[in-house]
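# Summary of the model geometry
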Protein chains: 2
Amino acid sequence: MRTFHATNPATGAPLPDAWPVATDADVDRACAAAARAFAPYAASDGATRSAFLHRIADALEADREAIVSVAGAESGLPEGRLTGELGRTTGQLRMFAELVADDDWRDVRVEVADPDRAPAPKPEVRSMKRALGPVVVFGASNFPLAFSTAGGDTASALAAGCPVIVKAHPGHPGTADRVARAVQAAARDTGLPDGVFTVLFDDGHEVGTALVRDPRVRAVGFTGSRAGGDALVRIAAERPVPIPVYAEMGSINPVFVLPGAAAARTEAIAEGLHGSFTLGVGQFCTNPGVAFVPSGAVGDAVRTALAARTAATPAGTMLNARVCEAYGQGVDALRAAGGREIASGAAADDAATPGVAHAFEVELDAIREAPALLHEVFGPTTLLVRYDDAAELAPFAASIEGQLTATVHGEADELGGHDALFSALADRVGRVIVNQWPTGVEVGPAMVHGGPYPATSDGRSTSVGTHAIDRFTRLVAYQNVPQELLPAPLRDA
Amino acid sequence: MRTFHATNPATGAPLPDAWPVATDADVDRACAAAARAFAPYAASDGATRSAFLHRIADALEADREAIVSVAGAESGLPEGRLTGELGRTTGQLRMFAELVADDDWRDVRVEVADPDRAPAPKPEVRSMKRALGPVVVFGASNFPLAFSTAGGDTASALAAGCPVIVKAHPGHPGTADRVARAVQAAARDTGLPDGVFTVLFDDGHEVGTALVRDPRVRAVGFTGSRAGGDALVRIAAERPVPIPVYAEMGSINPVFVLPGAAAARTEAIAEGLHGSFTLGVGQFCTNPGVAFVPSGAVGDAVRTALAARTAATPAGTMLNARVCEAYGQGVDALRAAGGREIASGAAADDAATPGVAHAFEVELDAIREAPALLHEVFGPTTLLVRYDDAAELAPFAASIEGQLTATVHGEADELGGHDALFSALADRVGRVIVNQWPTGVEVGPAMVHGGPYPATSDGRSTSVGTHAIDRFTRLVAYQNVPQELLPAPLRDA
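Nothing here was measured: the structure is a model prediction, and the numbers come from that model.

### Thoughts on the overall build of chain A
If you tally the helices and strands in chain A, you get 16 helices and 19 strands. In terms of C-alpha radius of gyration, chain A reaches 24 Å, essentially the compact-globule figure of 23 Å for 493 residues. Dimensions of chain A, computed from C-alpha atoms along their principal axes, come out at roughly 75 × 65 × 40 Å. Burial analysis of chain A (493 residues in total) assigns 59% to the buried set.

### Here's the deal with the packing of helix H2 (residues 46–62) of chain A against helix H6 (residues 173–189) of chain A
All names here are of chain A. Relative orientation of the contacting elements H2 and H6 amounts to 140 degrees, with a least axis distance of 8 Å. Taken together, H2 and H6 sit at an angle that is classed as oblique. In this structure, H2 crosses over H6, and the sense of that crossing is right-handed. Contacts between H2 and H6 involve Phe52, Arg55, Ile56, Ala59 and Leu60 from the former and Val179, Ala182, Val183, Ala185, Ala186, Ala187 and Asp189 from the latter. Of the residues that constitute the contact of H2 with H6, the class distribution is 10 nonpolar, no polar and two charged.

### Topic: unusual backbone geometry
Residue and element names in this part refer to chain A. The amide bond that connects alanine 118 to the next residue, proline 119, takes the cis arrangement and shows omega of 0 degrees. Its location among the elements puts proline 119 in the loop between strand S3 (109–111) and strand S4 (125–131). Phi is positive for asparagine 435, which is not a glycine, with a value near 55 degrees. Topologically, asparagine 435 is positioned in the loop between strand S18 (429–434) and strand S19 (473–479). You can call asparagine 435 buried: it has 20 C-beta atoms within 10 Å.

### Structural notes on the interface of chain B and chain A
Between chain B and chain A, the contact holds 53 residues from the first and 53 residues from the second. Among the secondary structure elements, those contributing two or more residues to the side of chain B that touches chain A are strand S5 (109–111), strand S6 (125–131), helix H16 (419–428), strand S20 (429–434) and strand S21 (473–479) of chain B. Grouping the constituent residues of the side of chain B that touches chain A by class yields 26 nonpolar, 16 polar and 11 charged. With three bridges connecting them, S18 of chain A and S21 of chain B associate as parallel partners. In the strand pairing of S21 of chain B, isoleucine 433 of chain A is matched with glutamine 479 of chain B.

### Details of the confidence of the model for chain A
Any segment with low pLDDT has predicted coordinates that should not be analysed in fine detail. When pLDDT is averaged along chain A, the result is 97; 100% of the residues meet or exceed 70. We note a pTM of 0.97 for the whole complex and an ipTM of 0.97 for its interfaces.

### A closer look at the environment of alanine 34 of chain B
Residues and elements named next belong to chain B. Residue position: alanine 34 is located in helix H1 (residues 24–43). The class for alanine 34 is buried, based on 29 C-beta atoms found within 10 Å. In this structure alanine 34 touches Pro134, Pro163, Ile165, Gly195, Thr198 and Arg216, once residues within four positions along its chain are discounted.

### Some details on helix H12 (residues 321–336) of chain B
All names here are of chain B. When the terminal C-alpha atoms of H12 are compared, their 22 Å separation across 16 residues agrees well with the 22 Å that a helix rising 1.5 Å per residue should span. Elements that come into contact with the buried residues of H12 comprise strand S16 (354–355), strand S17 (358–363) and strand S18 (381–387). Glycine 338 occupies a position one or two residues after H12 and carries a positive phi of about 105 degrees.

### A short note on the packing of helix H2 (residues 46–62) of chain B against helix H4 (residues 79–99) of chain B
Residue and element names in this part refer to chain B. The geometry of H2 relative to H4 is characterised by a closest axis approach of 8 Å and an angle of 165 degrees between their N-to-C directions. Regarding the angle of H2 to H4, the classification is roughly antiparallel. Viewed along their axes, H2 and H4 form a crossing whose handedness is left-handed. Each of Ser50, Leu53, His54, Ile56, Ala57, Leu60 and Glu61 in H2 lies in contact with H4, whose residues at this interface are Leu86, Thr89, Thr90, Leu93, Arg94, Phe96 and Ala97. Broken down by class, the residue content of the contact of H2 with H4 amounts to eight nonpolar, four polar and two charged.

### Section: the sheet that holds strand S6 (residues 164–167) of chain A
Residues and elements named next belong to chain A. Within the open sheet, the five strands sit side by side as S7-S6-S5-S8-S9. Their pairing is parallel. Each end of this open sheet is capped by a strand with a single partner; those strands are strand S7 (197–200) and strand S9 (245–248). Between one strand axis and the next, the sheet turns through 15 degrees on average, direction left out of account. Sheet contacts for helix H8 (residues 226–237): strand S8 (219–223) and S9; angle to S9, the most-contacted strand, approximately 170 degrees.

### Here's the deal with the nonpolar core
Core analysis: the biggest nonpolar cluster contains 157 residues, and Leu53, Ile56, Phe96, Val220 and Val257 of chain A have the highest contact counts within it. Tallying contributions element by element places helix H1 (residues 24–42) of chain A first for this core, with nine residues. When near neighbours in sequence (up to four residues on either side) are disregarded, phenylalanine 96 of chain A contacts Leu53, Ala155, Ser156, Ala159 and Ile469 of chain A. Leu132, Phe143, Ala187 and Phe277 of chain B belong to the second largest nonpolar core, which has 156 residues in total.

### Digging into the pairing of S18 of chain A
Residue and element names in this part refer to chain A. A large share of S18 lies buried, amounting to six of its six residues. Summarising the sheet, strand S17 (residues 403–409) and S18 pair through five bridges and their orientation is parallel. In the sheet register, valine 408 faces S18, and the bridge partner there is valine 434.

### Observations concerning the relation of the copies chain B and chain A
Once chain B is rotated about the relating axis by 180 degrees and shifted along it by 0.0 Å, it coincides with chain A to within an RMSD of 0.0 Å. Such a combination of turn and shift is consistent with a two-fold rotation axis. Relative to the rotation axis, the C-alpha of alanine 237 of chain B is the closest in chain B, positioned 4.0 Å from it. In this assembly, 100% of the residues forming the interface of chain B have copies in chain A that are likewise at the interface, indicating an isologous arrangement.

### Structural notes on the sheet that holds strand S16 (residues 381–387) of chain A
Strand order in the open sheet formed by 10 strands is S13(A)-S15(A)-S16(A)-S11(A)-S10(A)-S17(A)-S18(A)-S21(B)-S6(B)-S5(B), and the pairing between neighbours is mixed. In the strand order of this sheet, the two ends are held by strand S13 (340–344) of chain A together with S5 of chain B, each with one partner. Averaged over neighbouring strand pairs, the angle between their axes works out to 20 degrees when direction is ignored. Summarising the sheet, strand S10 (residues 255–257) of chain A and strand S11 (residues 290–294) of chain A pair through two bridges and their orientation is parallel. The partner of phenylalanine 256 of chain A across the bridge, within S11 of chain A, is phenylalanine 292 of chain A. Contacting S13, strand S15 (358–363) and S16 of chain A, helix H12 (residues 321–336) of chain A crosses the sheet at an angle of about 20 degrees to S16 of chain A. Lying over the sheet, helix H16 (residues 419–428) of chain A contacts S10, S17 and S18 of chain A together with S6 and S21 of chain B, oriented at roughly 145 degrees with respect to S18 of chain A.

### Here's the deal with the environment of arginine 81 of chain A
Relative to the helices and strands, arginine 81 of chain A is located in helix H4 (residues 79–99). Distance from arginine 81 of chain A to valine 68 of chain A, taken between C-alpha atoms, is 9.3 Å for residues 13 residues apart in sequence.

### Here's the deal with the environment of aspartate 458 of chain A
Residues and elements named next belong to chain A. Relative to the helices and strands, aspartate 458 is located in the loop between S18 and S19. On the neighbour-count criterion, aspartate 458 (20 C-beta atoms within 10 Å) is buried. In this structure the C-alpha to C-alpha distance between aspartate 458 and arginine 471, which are 13 residues apart in sequence, comes to 9.7 Å. Sequence-distant contacts of aspartate 458, defined by excluding residues within four places in its chain, comprise Pro244 and Tyr246.

### With respect to the pairing of S19 of chain A
Residues and elements named next belong to chain A. In terms of burial, S19 is largely enclosed, as seven of its seven residues are buried. What you see with S19 is no split at all: Thr473, Leu475, Ala477 and Gln479 on one side and Arg474, Val476 and Tyr478 on the other are buried throughout. Where S4 meets S19, seven bridges bridge the pair, whose relative direction is antiparallel. Its bridge partner being in S19, lysine 129 is matched across the sheet by leucine 475.

Calculation rules
- Residues numbered from 1 in each chain as written.
- Chains lettered and ligands numbered in written order.
- Predicted model: local features only at pLDDT ≥ 70, side-chain atom pairs only at ≥ 80, totals over all residues.
- Helix = DSSP H or I, 4+ residues; strand = E, 2+ residues; numbered from the N terminus.
- Rg over C-alpha atoms; globule rule 2.2 N^0.38 Å.
- Buried ≥ 20, exposed ≤ 12 C-beta atoms within 10 Å, placed from the backbone.
- Axes fitted to C-alpha atoms, helices over the stretch in contact; angles between N-to-C directions.
- Parallel < 35°, antiparallel > 145°, perpendicular 65-115°, else oblique.
- Left-handed = near helix turned anticlockwise from the far one by under 90°.
- Contact = placed C-beta atoms within 7 Å.
- Nonpolar A, V, L, I, M, F, W, Y, C, P; charged D, E, K, R; others polar.
- Pairing = 2+ DSSP bridges.
- pLDDT = per-residue confidence, 0-100.
- Expected span 1.5 Å × (residues − 1).
- Core = buried A, V, L, I, M, F, W, Y, C linked by C-beta atoms within 7 Å.
- Least-squares fit on C-alpha atoms with pLDDT ≥ 70 in both.

If you want it as structure tokens, here you go:
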């Protein structure tokens, strides 16, 4: 049995526990168990799945201290952040527990028969959303809890009635194991079969690839890099029976600072932008990687304020050596593409994977000539793009790649003149924000954490909020089926 | 300018009108016009789009006689069928017109801000479904009206706020042209830009390929063969920005006749199966291509009754020479795979593309050894599969490919014993039917005309019924956006 060790990113030292790389037999066993569990779990009543999700949340809370401790050692994320992330994780689980306590989410529709209709009798037809089948979820490096083992993808798939197989992120296997034990205990306490939830480990790509190729797997949830998401989409498309892949990938989350706002709220905007792009050492999907700021004195003042805050930013510990190295390459690429560095934060001398804040600047024209300036750099950096005329922003916004978010900062008297900008953004992003910041994604029924490719592989949906359950369902109709053979949600009350 | 002629399938003679093959410039112009029309059309109010759809239906009805006449000459379908299909087409348009008259279909969600929430203030978030962008719709050979130029895909895409570019089916360009004129007149009468609807012609694959590759196109609707649908999916996946393809492809729509029903309703089942598999010369996606019937005397009686009806079936005119030739090859393949012919209908001596009914028989074991027996044969043929024990049906059903429909015929006292069969079918098909027949798809809010691959390329959705509109939308959220900048459906009432 091959094993691997996680690394403490703060020290660069390997952690003591050895994690087993799943074998082909492990993958087969997990898929077989999930396939066996599917029919009874999909048919379980909402109260059962609701209780299961509540129990997972309870079990995570009961083990909070240990989970936060191991996640901290494996990810370098601070305790406060991880405690908050655990709360977000249990909040998501409970949100879905409430959602599926009744069957409203299934969109039950009943058409009554009319035997006398001419020219042909009208049949009775009933339909609802039904679980899709076993789902593979990939743990995300940057959210060891909320987008990993019992995170949003897992919670929404389990809520829908889909068994879940988690491929743990190699950066935090100990966290995955600890969380998985909570899920498995909750499954046992709810009387559910083991196959409802399995976790597998691997420090390479083989196990994930085998899972996505397995004919018993019906959908994939992923949060990570564009290269990783694209690869999974390709593998899924090449299957004899293709399956959907919901990959939430990269985004530069543009911020458009209008002239009035830049003048009226110079310090607040610099403070907000700095706070958002350095939050969590810049390791959020909704990190604002580019901010459009006016040229001239007003924009200069924003730049000066941002530079001062950036220079005063202490280095944080990044998630792992690979993320740290890629960040360094991304910063170098910004420089090579013509980004002028306006400030960089303090270097760290104690972390093995230091994330040093950087702020850059270019003129809008430079972006047109060097599109590489708009490539996502995962880490605490942002690029100020100076524009001469706010009327340039709308056509520019219409040309950008798909994004998770776009943010506009404007004063009340100037926003109204930017209909075209808002129209362009609504077509390019999953969430349009005014006078707030993109990091800190609210979890709730209205949230959309999605967006056109390459922000996600399937821009029709969202991986955060109650809508996320729909990704793991399909519609099924029943025509003239007797009451006792209908699934319970379709029977007459 | 290259042109082509349609053929009258009843005579094999070319029809007089010459149709222009679209050039690269035509494709570019159509996509540019659709892209220009998108933003204003997507933002148009529901009343406008509702009026547009009603006007299309009115215009089609006003031109009914001419449309039915040209469609009959091009498709060989009888007048009664085409008149019915036109009614279905206008019914679909009016169903969507009613659906989008208000914004309920958008699933508007509003979360109210809570500035005092701890640890972080809660932002206001609103979301809704929004049109995806320009959609390419491929005309279907077997439904020149209801699944073609102004058919279900077009109606649902236009209802959502997506401009549509139709690639007319080469079998019925004159029908496409006549219908397109009705749509274009309705667009003008509604004050909509030309780019909202365009039709292009081609007798090959180049125009369709170019349309699916065009970066301005955001989704594809298709009804046709598995080879055609798979090809479009592949082209769409290879784009720099992949797009969804909704391809409704083949299906054999299995029928399971339980022993009690076979005994109690021998004649009625033979009559119903015969009527369903020969309806429209067997050229329906929901055509029952395989029927599981008990072995022994009871099943023999069904076979005898079906054989008598099949032998007495007059040959019909098939849609075109290619369909007719493929049908002949499919029937030969059934024979080669071991299907015993139990009856064939009368040969035609006057049609150029005769569709002669055939019924075959095999034992259940033979299917396990020769899966080719379950390949779709598009035309008036069905295969009786004789089983010894009804308990064999559920495991067999669990192993079949994805299907649009599955039908169970059973008496009240025997259905209850087949939970496992129903559970298996619910996982493999889009619509489960009891004691009725799969052809004749009801159009309404509960209908699901979809199913796991290869029945469709995206088994989560449906191409018939009001759910179909969701295919051409994506979710967009607005956070803290002032009322006047919100899309109208998201504003406070």
